[in-house]
Structures are given as C-alpha cells and as structure tokens.
Amino acid sequence: MTEENAAEAGQAHLGKERGQQGEPLVVLTDVNKHYGDLHVLRDINLTVTKGEVVVVLGPSGSGKSTLCRTINRLETFESGSITIDGVPLPEEGAALAKLRADVGMVFQSFNLFAHKTILQNVTLGPIKVRKQKPKEAESRAMELLKRVGVDHQAAKYPAQLSGGQQQRVAIARSLAMEPKVMLFDEPTSALDPEMINEVLDVMGQLAKDGMTMIVVTHEMGFARRAADRVVFMADGQILEQDTPEEFFNNPKSDRAKDFLSKILAH
C-alpha cells in the first residue's frame, strides 16, 4: 500500500469512525427567514449527525452566516423547526441560555473581553454558567489553552495577542463549555494570511478528535481536508450537498460550477 493510499484509507476510516453513531444532533426542517422583503433562508432542511464535520460554502449573500447564527438563535426565524440533540430550540429565557451553552460559537471577530486576561476569558463561562469551581475551571482552561498552543499567554490581555492567537483563545473558550456542537462563522476572514493556517490547524485537530462542527468558510483547502460533507448555498437555498471529493471534482448545479471556477481560478 502506498503512503497516499494509506492516507486515503486512514481518512476514510476516520470519516467512518466520526460519523458511525449516525445519530442526528442538529436538525433543521423547512426553516425560513426574511429580512424585510429579502428571503434569506428558503425552506432549509439539514441534518448534522454526531461527530460530523459539515462545511457550508457559497457566494457572499447566500445565507451561510445567517444559517449558522440561526442554529443558536442569534438570529430568529419565522417558520420551520430546529432541534439540538432532540430538543427544539427555545425562543428565550433560561432554556435558551442552557441550549446556547451546548452550542459553541466562534465568530469572525474574536469577541474576547478586553479587560479580562486570557485565562479569565476562558474560565468565565464554566464558572458562571456551568457552576464549576474556579480551581477546576482554571485547570481545565489551561489544558485547553495548551491544546490550542497559547497556554504561555494565559496572564496576558487580548490586545497583547495576535489575531490568530486571539481566535485560538476564542476556540478554547468555546471548548471550555463542553459543547455538543461547534459553529464557526468565517473564523479566519478577519485574520492576516500568515495567521489563517494556525487557526485552521486547530480546527482540523478538533475534527479529527470527533467534535461535531458546522463551519462557514471560504477556505477550500480546509473544506477538502477536514469536511465529511460540503453544503453549497446560493440565494438562501441549499443547492447541493456531497462529500468534498465529489463536490469539488463533480459539482452538479450551474451555480456551484460557477462558484468553484471563480474560487479555484485564483
């Protein structure tokens, strides 16, 4: 067996292992959303299983970020349903706060608290929401900061870190809540080019470790490498979804072909 074949076999095994439970974790059924007259999500049906990595691609304005933000109700929707691990998305109150604790979110902007140290940023949620003891939360936070490669920065403040380091802290902060699923909304789009890979490497490792992930990104290399499934959106609709290999080599819709020809030409 060649190294390449072995790598492919390993990837296939990994994908099988990650998705083997096959239990639905995030389920969107006939979800619709408008901004005034603009129909930004049109009859969205999407099921993400435990351990699956789904990458959402599409042109600007296709509804990708809105879809991501709707899954934890940062955006409301008018019709349809969303369930997380079998529980319908609550509209407000304590039930919504509890559900949000199960859904990690990493944004374009890092959203760290500027007046708190890196360690305090990561321990705040577990102490306040999960009611962890401070010592326990700090110990876990240091483990996670080490995992994303910034444990030596724990005593610093966000402004003292590079963009790539801040985004890795934001990932550690989400992981500290022990979420069932993590949503990434274009997590590298605000970063300088040399910082992008350090964040994608952390995300790739999370995927290998079996974290359920929904990732909105323009990073085609990451989609090819880490996704179990690519979902392609345009004009608020899901036009196709397939394995990365099939999507990139054999796109079905004209919109996807056009999108890929523009993206991959550069």
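Scoring rules and cut-offs
Sequence order as written defines residue numbering, which begins from 1 separately in each chain. Under the rules for a predicted model, residues below a pLDDT of 70 receive no local features and side-chain atom pairs below 80 are neither given nor counted, while totals for whole chains, interfaces and linings still include all residues. Side-chain calculation: all heavy atoms of the structure are included, whereas hydrogens and water are not. The working definition used for a salt bridge is a side-chain nitrogen of Lys or Arg within 4 Å of a carboxyl oxygen of Asp or Glu. Counting from the N terminus, the helices are DSSP H or I runs at least four residues long and the strands are E runs at least two residues long. Note on classification: 1.4 Å probe, protein chains only; a residue is buried when its accessible area is under 20% of the maximum for its type, exposed when over 50%, partly exposed between these limits. In this text, buried Ala, Val, Leu, Ile, Met, Phe, Trp, Tyr and Cys residues form a nonpolar core when linked through side-chain atoms within 4.5 Å. For this analysis, residues touch if any pair of their heavy atoms sits within 4.5 Å. Any two strands with at least two DSSP bridges between them are considered paired. Geometry is summarised by axes, namely lines fitted to C-alpha atoms with helices restricted to the contacting stretch, and by angles between N-to-C directions that run from 0 to 180 degrees. UniProt positions are given in the numbering used here, feature names are shortened, and annotations may be inferred rather than shown by experiment. The crossover handedness rule: strands pointing away from the viewer, path from first strand over the helix to second strand clockwise, crossover right-handed. Orientation is classified from the angle alone, with under 35 degrees giving roughly parallel, over 145 giving roughly antiparallel, 65 to 115 giving roughly perpendicular, and any other angle giving oblique. Here is the rule for handedness: rotate from the far helix to the near one, and if that takes an anticlockwise turn smaller than a right angle the crossing is left-handed, while a clockwise turn gives right-handed. Nonpolar residues are Ala, Val, Leu, Ile, Met, Phe, Trp, Tyr, Cys and Pro. Charged residues are Asp, Glu, Lys and Arg, and all others, Gly as well, are polar.

### Observations regarding the pattern of salt bridges
Piece 1. Summed over the entire model, instances satisfying the criterion amount to 15 salt bridges.
Piece 2. Between Asp85 and Lys50 there is a salt bridge, and its shortest N-O distance comes to 3.4 Å. Of this pair, Asp85 sits in the loop between strand E4 (79–84) and strand E5 (87–88) while Lys50 is found in the loop between strand E2 (38–49) and strand E3 (53–57), placing the two residues 35 residues apart along the sequence.
Piece 3. Classification of Asp85 as partly exposed rests on a relative accessible area of 28%.
Piece 4. Salt-bridge contacts for Glu75 lead to Arg69; the nearest nitrogen and oxygen are separated by 3.6 Å.

### Some words on the nonpolar core
Piece 1. Within the largest apolar cluster, 49 residues are counted, with the highest numbers of intra-cluster contacts made by Leu57, Leu145, Ile171, Phe184, Met203 and Met213.
Piece 2. Broken down by element, the residue count for this core peaks at eight residues, all from helix H7 (residues 193–208).
Piece 3. Those residues in contact with Met213 that lie beyond four places of it in its chain are Glu52, Val53, Val54, Met182, Phe184, Met203, Leu206, Ala207 and Phe222.

### Concerning the sheet that holds strand E9 (residues 229–234)
Piece 1. Taking strand neighbours across the sheet as the criterion, the six strands line up as E6-E7-E8-E3-E9-E10 in an open arrangement whose pairing is mixed. Here the strands that pair on one side only, and so sit at the sheet edges, are strand E6 (103–106) and strand E10 (237–242). If you compare each strand with its neighbour and ignore which way they point, the axes differ by 20° on average.
Piece 2. Across five bridges, the pairing between strand E7 (residues 181–185) and strand E8 (residues 212–216) is parallel. Pairing of Val181 across the sheet is with Thr212, part of E8.
Piece 3. Where H7 meets the sheet, its contacts fall on E3, E7 and E8, and the angle it forms with E8 comes to roughly 145°.

### Here we look at the UniProt feature "domain: ABC transporter" (unreviewed entry) in the protein
Piece 1. Sites flagged by UniProt as "domain: ABC transporter" (unreviewed entry) map to residues 26–260.
Piece 2. This span, residues 26–260, is 39% helix and 26% strand, and a straight line between its end C-alpha atoms measures 27 Å.

### Details of the sheet that holds E5
Piece 1. Pairing is antiparallel in the open sheet, where four strands are placed in the order E2-E1-E4-E5. On the outer flanks of this sheet lie E2 and E5, each paired with one strand and no other.
Piece 2. Pairing analysis gives two bridges linking E4 to E5, with the strands arranged antiparallel. For Ile84, the partnering residue across the bridge sits in E5 and is Val87.

### So, helix H4 (residues 118–128)
Piece 1. Those residues of H4 lying buried are Ile118, Leu119, Asn121, Val122, Thr123, Gly125 and Pro126.
Piece 2. On its buried side, H4 packs onto helix H5 (134–147) and helix H6 (163–176).

### Quick look at the pairing of E8
Piece 1. Counted residue by residue, E8 has five buried out of five residues, so it is predominantly covered.
Piece 2. Side-chain alternation along E8 places Thr212, Ile214 and Val216 on one buried face and Met213 and Val215 on a second face that is also buried.
Piece 3. Bridge analysis of E3 against E8 gives four bridges, and the strand direction is parallel. Looking at E8, one finds that Val54 is bridged to Ile214.
Piece 4. Each parallel crossover has a hand, and the one from E7 via H7 to E8 is right-handed.

### A word on the environment of Gly80
Piece 1. Its place among the elements puts Gly80 in strand E4.
Piece 2. Assessed through its relative accessible area of 43%, Gly80 is described here as partly exposed.
Piece 3. Taking the C-alpha atoms as reference, Gly80 lies 27 Å from Lys252; in sequence the two are 172 residues apart.
Piece 4. Among residues more than four places away in sequence, those in contact with Gly80 are Thr29, Asp30 and Val31.

### A word on the environment of Leu264
Piece 1. By the element assignment, Leu264 lies in helix H10 (residues 254–264).
Piece 2. In sequence terms Leu264 and Met220 are 44 residues apart; their C-alpha atoms lie 8.4 Å from each other.
Piece 3. When sequence neighbours within four positions are dropped, the list of residues in contact with Leu264 reads Met220, Arg224 and Phe248.

### Quick look at the packing of H6 against H7
Piece 1. Interhelical geometry of H6 versus H7 gives an angle of 20° and a closest axis separation of 8 Å. The angle between H6 and H7 places the two elements in the roughly parallel class. Considering how the two elements wind past one another, H6 and H7 form a crossing that is right-handed. Side by side, H6 and H7 meet where Gly163, Gly164, Gln165, Gln167, Arg168, Ile171 and Leu175 of the first sit next to Met195, Glu198, Val199, Val202, Met203 and Leu206 of the second.
Piece 2. A breakdown of the residues in the contact of H6 with H7 according to their chemical character gives seven nonpolar, four polar and two charged.

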